[in-house]
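One-letter residues, chain by chain:
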Amino acid sequence: MNGTELGLWAIPLAILGGAIRVSTPFLFVSLGEVLTERSGRINLGLEGTLVFGAMSGYAIACVTGLPWAGVLAAAGAGSLFGLVHGLVCSLPRVNDIAVGISLMLLGTGLAYFFGKPFIQPVAPDLPALELGWWSDLPQVQAALRVNVLFPVGILAALLLWWMFRATRIGLLVRVVGDSTDAARAMGLRPAFIRTLATAAGGAFAGVGGAYLSLFYPGSWNEGISSGQGLMAVALVIFARWNPIACLGAALLFGGAGALGPALQSVGIPDGYYLFYAMPYVMTLGVLIATSSPGRAMAGAPGELSISK
Amino acid sequence: MTLTGPTRRRVLKTGAAFAGALGTLSATSFAAGQDGPTVGFIYVGPKDDFGYNQAHAEGAAAVKAMAGVTVVEEENVAETVDVQKSMESMINFDGAALLFPTSFGYFDPHIIKVAPGHPEVRFQHAAGLWQEGVHPSNVGSYFGYIGLGQYLNGMVAGHMTRSGKLGFVAAKPIPQVLQNINSFLLGAREVNPAVTCQVIFTGEWSLAVKEAEATNALADAGCDVITCHVDGPKVVMETAAGRDCFVCGYHANQAPLAPEKYLTGAEWNWPGVYTRMVRTVIDGGTIPNFDRGGLAEGYIKMSPLGPAVTDAARARFEATKAEMTKGGFAAYRGPLMDNTGKRILGPNEVFVETDIALESMNYLVEGVIGATS
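Residues numbered from 1 in each chain as written. Chains lettered and ligands numbered in written order. Predicted model: local features only at pLDDT ≥ 70, side-chain atom pairs only at ≥ 80, totals over all residues. Heavy atoms only, no water.

**Student:** Residues and numbers for the overall build of chain A, please.
**Tutor:** Per the secondary structure count, chain A includes 13 helices and two strands. For chain A, whose C-alpha radius of gyration is 20 Å, the value lies close to the compact-globule estimate of 19 Å for 308 residues. Counting only C-alpha atoms, chain A reaches 70 × 50 × 35 Å along its principal axes. Partitioning the contacts of chain A with sequence separation of at least 6, the portion at a separation of at least 24 is 76%. When the 15 basic and 13 acidic side-chain charges of chain A are each reduced to a single mean position, those positions are 15 Å apart. (Helix = DSSP H or I, 4+ residues; strand = E, 2+ residues; numbered from the N terminus. Rg over C-alpha atoms; globule rule 2.2 N^0.38 Å. Contact = heavy atoms within 4.5 Å. Lys, Arg positive; Asp, Glu negative; His and termini not counted. Charge placed at Lys NZ, Arg CZ, Asp CG, Glu CD.)

**Student:** Outline the packing of helix α5 (residues 146–160) of chain B against helix α6 (residues 175–191) of chain B, listing residues and values.
**Tutor:** All names here are of chain B. Interaxial distance between α5 and α6 falls to 6 Å at its minimum, and their mutual angle equals 40°. Taken together, α5 and α6 sit at an angle that is classed as oblique. Crossing handedness for the pair α5 and α6: right-handed. Contact residues: Ile146, Gly147, Gln150, Tyr151, Asn153, Gly154, Met155, Ala157, Gly158 and His159 in α5; Asn180, Ser183, Phe184, Leu186, Gly187, Ala188, Glu190 and Val191 in α6. Considered class by class, the residues forming the contact of α5 with α6 number eight nonpolar, nine polar and one charged. (Axes fitted to C-alpha atoms, helices over the stretch in contact; angles between N-to-C directions. Parallel < 35°, antiparallel > 145°, perpendicular 65-115°, else oblique. Left-handed = near helix turned anticlockwise from the far one by under 90°. Nonpolar A, V, L, I, M, F, W, Y, C, P; charged D, E, K, R; others polar.)

**Student:** Describe the interface of chain B and chain A, listing the residues and the values that go with them.
**Tutor:** The parts lose accessible area when they come together, and the size of an interface is often stated as this lost area. Of the residues lining the interface, 38 residues belong to chain B; the matching set on chain A comes to 39 residues. Carbon and sulfur atoms supply 53% of the area that chain B and chain A bury against each other, a total of about 3,100 Å² over both sides. For chain B, the biggest contributors to the area lost against chain A are Val209, Glu213 and Asp220 of chain B; these three give 19% of the whole. For the pair chain B and chain A, the number of links is three salt bridges. Between Asp48 of chain B and Lys116 of chain A there is a salt bridge, and its shortest N-O distance comes to 3.7 Å. Linking chain B with chain A are 13 residue pairs in polar contact (both at pLDDT 80 or more), by the criterion used here. In terms of residue count, helix α7 (residues 208–220) of chain B provides more of the side of chain B that touches chain A than any other element does, nine residues in total. Here the side of chain B that touches chain A is built from residues that sort into 17 nonpolar, ten polar and eleven charged. (Buried area = accessible area lost by both parts, 1.4 Å probe. Salt bridge = Lys/Arg side-chain N within 4 Å of Asp/Glu carboxyl O. Polar contact = N/O pair within 3.5 Å; in protein donor to acceptor, adjacent residues only side chain to side chain.)

**Student:** Which residues make up the domain arrangement of chain B, and what values do they have?
**Tutor:** All names here are of chain B. Taken domain by domain, chain B holds domain 1 (38–144) and domain 2 (147–266 + 304–369). Domain 1 and domain 2 are separated by 28 Å when their C-alpha centres are compared. Each partner contributes to the interface: domain 1 provides eleven residues, whereas domain 2 provides twelve residues. At the junction of domain 1 with domain 2, the criterion picks out zero salt bridges. Put simply, domain 1 and domain 2 have two residue pairs in polar contact (both at pLDDT 80 or more) between them. Looking at the side of domain 1 that touches domain 2 element by element, the count peaks at three residues for helix α2 (residues 52–64). Tallied by class, residues from the side of domain 1 that touches domain 2 come to seven nonpolar, three polar and one charged. (Domains from an automatic or database assignment.)

**Student:** So what's going on with the pairing of strand β4 (residues 122–126) of chain B? Residues and values would help.
**Tutor:** Residues and elements named next belong to chain B. Counting buried residues in β4 gives five out of five residues, a clear majority hidden from the surface. Here β4 shows a buried face lined by Arg122, Gln124 and Ala126 and a second buried face lined by Phe123 and His125. Here strand β3 (residues 96–101) pairs with β4 via two bridges, running parallel. When the bridges of β4 are listed, Leu98 appears paired with Arg122. Between the parallel pair β3 and β4, the chain is carried across by helix α4 (residues 107–114), and the sense of this crossover is right-handed. One ladder, built from four bridges, connects β4 with strand β5 (residues 139–144); its direction is parallel. Bridging across to β5, His125 finds its partner in Ser141. (Buried < 20%, exposed > 50% of the residue type's maximum accessible area, 1.4 Å probe, protein only. Pairing = 2+ DSSP bridges. Right-handed = clockwise from strand over helix to strand, strands pointing away.)

**Student:** Describe the packing of α2 of chain B against helix α9 (residues 270–282) of chain B, naming the residues involved and giving the relevant values.
**Tutor:** Residues and elements named next belong to chain B. Orientation of α2 relative to α9, taken along the N-to-C sense of each, is 45°, at an axis distance of 8 Å. By the angle between their directions, the pair α2 and α9 is classed as oblique. Handedness of the crossing formed by α2 with α9: right-handed. Contact residues: Ala55, His56, Glu58, Gly59, Ala60, Ala62 and Val63 in α2; Trp270, Pro271, Tyr274, Thr275 and Val278 in α9. Classifying every residue of the contact of α2 with α9 by side-chain character gives eight nonpolar, three polar and one charged.

**Student:** Could you give an account of the environment of Gly53 of chain A, with specific residues and numbers?
**Tutor:** Tracing the chain through its elements places Gly53 of chain A in helix α2 (residues 46–64). For Gly53 of chain A and Ser79 of chain A, which are 26 residues apart along the polypeptide, the C-alpha to C-alpha distance reads 9.8 Å.

**Student:** Go over the nonpolar core, please, and point to the residues and values.
**Tutor:** Within the largest apolar cluster, 99 residues are counted, with the highest numbers of intra-cluster contacts made by Phe41, Val63, Ile181, Trp268, Tyr274 and Tyr332 of chain B. The leading source of residues in this core is α5 of chain B, at eight residues. Three or more residues apiece are contributed to this core by two domains, here domain 1 (38–144) and domain 2 (147–266 + 304–369) of chain B. Residues within four places of Ile181 of chain B in sequence aside, it is in contact with Phe168, Ala170, Val199, Phe201, Leu364 and Val368 of chain B. Val51, Phe52, Tyr58 and Ala111 of chain A belong to the second-largest nonpolar core, a separate cluster that totals 75 residues. (Core = buried A, V, L, I, M, F, W, Y, C linked by side-chain atoms within 4.5 Å.)

**Student:** Break down the pattern of salt bridges for me, with residues and values.
**Tutor:** Oppositely charged side chains can form a pair if their charged atoms are brought close together. Counting across every chain of the model gives 14 salt bridges over all chains. The shortest N-O distance in the salt bridge between Glu75 of chain B and Lys116 of chain A comes to 3.0 Å. One end of the pair, Glu75 of chain B, is in the loop between β2 (70–74) and α3 (81–92); the other, Lys116 of chain A, is in the loop between α4 (96–115) and β1 (128–130), on a second chain. Taking the relative accessible area as the measure of exposure, Lys116 of chain A reaches 23% and is therefore partly exposed. One network of salt bridges, with partners in common, ties together Lys116 and Glu222 of chain A together with Asp48 and Glu75 of chain B.

**Student:** Before we move on, could you go through unusual backbone geometry and cite the residues and values that matter?
**Tutor:** A cis amide bond, omega 10°, links Asp108 of chain B with the succeeding residue Pro109 of chain B. A cis geometry characterises the amide bond from Gly334 of chain B onward to Pro335 of chain B, with omega recorded as -5°. Along the chain, Pro335 of chain B falls in the loop between β13 (332–333) and β14 (336–337). One non-glycine residue, Arg240 of chain A, lies in the positive phi region at around 55°. Residue position: Arg240 of chain A is located in the loop between α10 (228–238) and α11 (243–265). Of the residues examined, Arg240 of chain A reaches a relative accessible area of 23% and is grouped as partly exposed.

**Student:** Quick rundown of the sheet that holds β2 of chain B? Include the residues and the values.
**Tutor:** Residues and elements named next belong to chain B. With parallel pairing, six strands are arranged side by side in an open sheet as β2-β1-β3-β4-β5-β11. The strands lining the two open edges of the sheet, one partner per strand, are β2 and β11 (290–293). Geometrically, the sheet is characterised by an average inter-axis angle of 20° between neighbouring strands, direction not taken into account. Contacting β1 (38–42), β2, β4 and β5, α2 runs over the sheet at an angle of about 160° to β2.

**Student:** Go over the confidence of the model for chain B with me, naming the residues and quoting the values.
**Tutor:** Residues and elements named next belong to chain B. Overall, the predicted model of chain B reaches an average pLDDT of 89, with 91% of residues at or above 70. Confidence drops under pLDDT 50 across residues 20–33; counting only partners more than four residues distant or on other chains, this segment forms two contacts. Confidence estimates for the predicted assembly give a pTM of 0.86 and an ipTM of 0.87. (pLDDT = per-residue confidence, 0-100.)

Shown next as structure tokens:
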């Protein structure tokens, strides 16, 4: 043997590595959704935006040879989807959830259609930061091979948190999200602000998709997203509309997802279907543990159609 | 109150007449435009997935090149009532006489539900599920001994591994997958009896992120040659090569994805099989309901050996491949235990490639680290 046996230490390491690798798309999509929902709208279409972002990012990176151009394209495409959602929902008597679902189907459908020629070509990957340089163990080096988008996501979470808390823009979004009447009385244009917030949220989701196709797993095909976009929308409720909590929820979800393969790789193979359900069981558990009849939906924006 | 506009009855009548006219139109145009049969192919995923579906689509492309034959294809068809609709529409609108619904889950209940209503159409399904007297006689099963390809993969892997640990990313613990895992290990043990094989099941045929996680977990566990049995091996190949592991392919040739790290691969040879079946139909013959083959019958083939393969591995690979090409190869030779200590084969017993016992495999042999449930 080659002296790199880790035994049971492989499990926490795999959870750490998995948390970093798998969480980034969850993080970006949920940050986008926090921004949208804080303004008083729900965009369920982010799954479609994620898949379209993955496709457009991969396609542009393929054509130009520049992965960052792909990320920009994904953000642009994502904001376009967000803009469509925002504009349609600004019309009277339009249900944002129904529009979201149709945009989700449209996004995946368009991505499959335009993505056909890009399944076979190989696009350049996004660069990674080798944060494991201090260790001799290849496992540690691999686990700490962090994509640049991950710290960018952490930074974005902090910035969003600060924005909601301490800036004028954050306050505008929150007012619009909490009470349309109050916002109107202040002379704000709720529909306009919500549309911008949804477009910005879409851009986040697009970048999350670009991470999938340009870094991990790092290829475009029609099965690239296994529902990350939908789960991320649920994570927002889990995180109580708080960007910092989104970061925690995304890391938790990523780490729990790595548990199944990690346990099998150290020779604990029994019940892997159960371990694969772990992230969902944990979500359910935390939701039950943190819920209470007194303060249900604490932190939910007042204008959200699910809390009205 | 009387309605002067379009009544419900009138709309229905016009619609029916229109549909009737369309029907005659398409029937005549097909009768006039072709002399050979129309053949339909249905895939569960995209047909350029570097994997299962691509292997079948390459077969369809070869059929399309035959003179007089028309090919209709549909991809991304779920293993639900969707495939029944696809089959019905290929029969009724395209006039297909021969159908290849290629995914495992299309068979029961979908093919066996549609087939009795179309006795003139032949349904060919890729797996060993057809049974005499149980299933309709216009349905056929065909499958190749791809486990032998994994045995050859394992042989090269056994030569090339430095850690003595191989990795296998598997979808579900069904007999075909278990047979591939076991064959991979047995091939490796043929050249290096100390080798073990770590298996990770992802639980689904196509889950990109989980396949990448499984590959990383195998690399973390010290595996340095990795292969897989999932629908699209692209993610496994790229991730494993990125972790500096050698890879063995499956389903189709994945060498372009990891040119330096690709050793060889177990591939389906559907172009040969499908053109032969279509030729049989054109000549008025009948395809056997139950058709099997390995290297000898041209059902499977191996990818060309990669640049990293050593001369010793190459010699061993070529010799065993030549032996397999004669037919009747036995990859499973006693004494053989499963990895829970149960006896599979006694000292002088063997399973040759045609042995039906191989198709109900529900164990992992000794040396495989993993469990079937």
